[in-house]
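In case you want the letters, here they are:
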Amino acid sequence: MRLMSSLRVSPLVAMSAMCTPGNHAESRVVVRAEPCLNAICARPFPGGRRSREGERMKKLWRRLNRPYVTAKSGTSDTGTEVDRAKLRQRRPRPTITSQEAARRFRAHALEEKGHDDVLRIGLKDSFWSDVYHHALTASWPQFLFSSLCGYLAANLIFAALYELAVSQISSPHPLSLLDLFFFSVQTLSTVGYGVMAPVGPVANAIVSVEVLVGMMVNALATGLVFARFARPRARLMFGRNAVISDENKVSALCVRVANQRRSMILSVDAEIALSLLRQTADGHLVREFHPLQLVQAHVPVLRFAFVIAHVIDADSPLTRHSLAALAEDEAEIIVTVTGTDEATGQSVFARTAYRVDQILINHRFVDMVRSNPTGRIAVDFSRFHDTEAHAPAPE
């Protein structure tokens, strides 16, 4: 079954009714390595997606190990001698191990939360040359733990330096390493309680260096914490599923996005692309992206919710693929949205991806905007992810 229906009315005329009700806006497979593949698929995946990702890796492994010609008979599925002769001239695709299939899958999977499970080889990532980016992108537990470890390490280093000149630090009692550690804490923060003080040139020189380091560290830490809090966040919400509706004889792929803030998002630009995982003749996997033309790619103001629609007409990349072919190619619908936050004036960005099993056929989004008895507009965000089935359009 193709994804499109015959186009009989203008897509712009049917835009308001296509996705929401009302007028609101070849041969035998090698199986010798599959037990090992089952062990790999049993490993935990980020976000608890072990079952789904494991099945996708199994399917990909079988696909990569599918030869042109069967190993014993050398026959093909075409059934003709000419086709058999042509296929014999080709070399069978080399079988790969399950570990290699898992590696290729993870290298081309489009995860929504990052690529922490991908090992980058041949790319030097110097921490100190990009420490600001690492500090911004680290999680809050990682950031706080790293800051605490750095703070303790700095004070231990200066405490060890004070130990070399302990006779030049005045104190009412003999000093231990712990006393020197807390003296370093007081000096680094420029508190100074007056119980301990440097009295010699070496101790004063160490104190001067530590005070300078302390001022720089305090300034940098304040800036990093502020930058982490001030990072622009879109607060955009995407529907749990995408839908394909063919009401009014117009077949369209629809994605709903909503603004979760009270302030509006200005000059919103949306983009949808079809991502396909294709296999080349030599068995390598490549990721292809095909842009999908939208009915309305630019929205001046996003206040509540908006439906991004792509009409599946004769020029649409979706027309050339069936649902089975899209699932075979590990197809995903990639959605990106950019805009400007009205309150902060900063650019915001959000993205999501839909697999084939997350696209509902002959469905539409439930209306979430209504008017209450007082005349005020009510937006029910609890119905944002809800969809309802509709009868398919008659042929």
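You'll find the structure just up there.
Visitor: Quick question: what am I supposed to make of the side chain of Arg228 here?
Guide: Residue position: Arg228 is located in helix H9 (residues 201-230). One buried charged residue, Arg228, forms no salt bridge at all, with the nearest opposite charge on Asp130 at 13 Å. Engagement of the side chain of Arg228 in a polar contact is seen with the backbone oxygen of Ala138, the distance being 2.8 Å. Not counting residues within four places of it along the chain, the set of residues in contact with Arg228 comprises Ala135, Leu136, Thr137, Ala138, Ser139, Trp140, Phe143 and Arg233.

Visitor: Would you explain the pattern of salt bridges in this entry?
Guide: Close approach of charged atoms lets side chains of opposite charge pair. Scanning all chains against the criterion turns up 4 salt bridges. Arg278 is paired through a salt bridge with Glu288; the nearest N and O atoms lie 3.8 Å apart. Here Glu288 lies in strand S7 (residues 285-292) and Arg278 lies in strand S6 (residues 265-279), a separation of 10 residues in the sequence. Residue classification places Arg278 among the partly exposed residues on the basis of a relative accessible area of 26%.

Visitor: Would you mind going over the packing of helix H7 (residues 140-164) against H9 with me for this structure?
Guide: In a pair of packed helices, the angle between the axes and the distance between the axes together describe the arrangement. Closest axis-to-axis distance for the H7/H9 pair is 11 Å, and the angle between their directions is 175°. Of the possible angle classes, the one that applies to H7 and H9 is roughly antiparallel. Across the interface between the two elements, Trp140, Phe143, Asn155, Phe158, Leu161 and Tyr162 of H7 pack against Ala203, Ile206, Val207, Val209, Glu210, Val213, Leu224, Val225, Arg228 and Phe229 of H9. When its residues are assigned to classes, the contact of H7 with H9 shows 13 nonpolar, 1 polar and 2 charged.

Visitor: How should I be thinking about the layout of surface pockets in this particular structure?
Guide: To find leftover empty space, one rolls a probe the size of a water molecule over the atoms. Looking at the second largest pocket, its volume works out to about 850 Å³. The wall of the second largest pocket is formed by 24 residues, among which Ser146, Ser147, Val217, Ala221 and Leu224 lie closest to the centre. Looking at the lining of the second largest pocket, the elements that each hand over two or more residues are helix H6 (131-137), H7 and H9. Split by residue class, the lining of the second largest pocket holds 17 nonpolar, 7 polar and no charged.

Visitor: What am I meant to see in a nonpolar patch on the surface here?
Guide: Together, Phe127, Trp128, Val131 and Tyr132 give the surface a local cluster of nonpolar side chains, amounting to about 500 Å² of exposed area. Within the secondary structure, Tyr132 sits in helix H6.

Rules used throughout
Residues numbered from 1 in each chain as written. Predicted model: local features only at pLDDT ≥ 70, side-chain atom pairs only at ≥ 80, totals over all residues. Heavy atoms only, no water. Helix = DSSP H or I, 4+ residues; strand = E, 2+ residues; numbered from the N terminus. Buried < 20%, exposed > 50% of the residue type's maximum accessible area, 1.4 Å probe, protein only. Lys, Arg positive; Asp, Glu negative; His and termini not counted. Salt bridge = Lys/Arg side-chain N within 4 Å of Asp/Glu carboxyl O. Polar contact = N/O pair within 3.5 Å; in protein donor to acceptor, adjacent residues only side chain to side chain. Contact = heavy atoms within 4.5 Å. Axes fitted to C-alpha atoms, helices over the stretch in contact; angles between N-to-C directions. Parallel < 35°, antiparallel > 145°, perpendicular 65-115°, else oblique. Nonpolar A, V, L, I, M, F, W, Y, C, P; charged D, E, K, R; others polar. 1 Å grid on protein atoms, 1.4 Å probe; cavity = no way out; pocket = protein on both sides within 12 Å on 5 of 7 lines; lining within 4 Å. Points joined across faces, edges and corners; volume = space filled by probe spheres on them. Patch = residues over 30% accessible without salt bridge, like charges linked within 9 Å, V, L, I, M, F, W, Y side chains within 5 Å. Areas by Shrake-Rupley, 256 points an atom, 1.4 Å probe, with all protein chains shown as cover.

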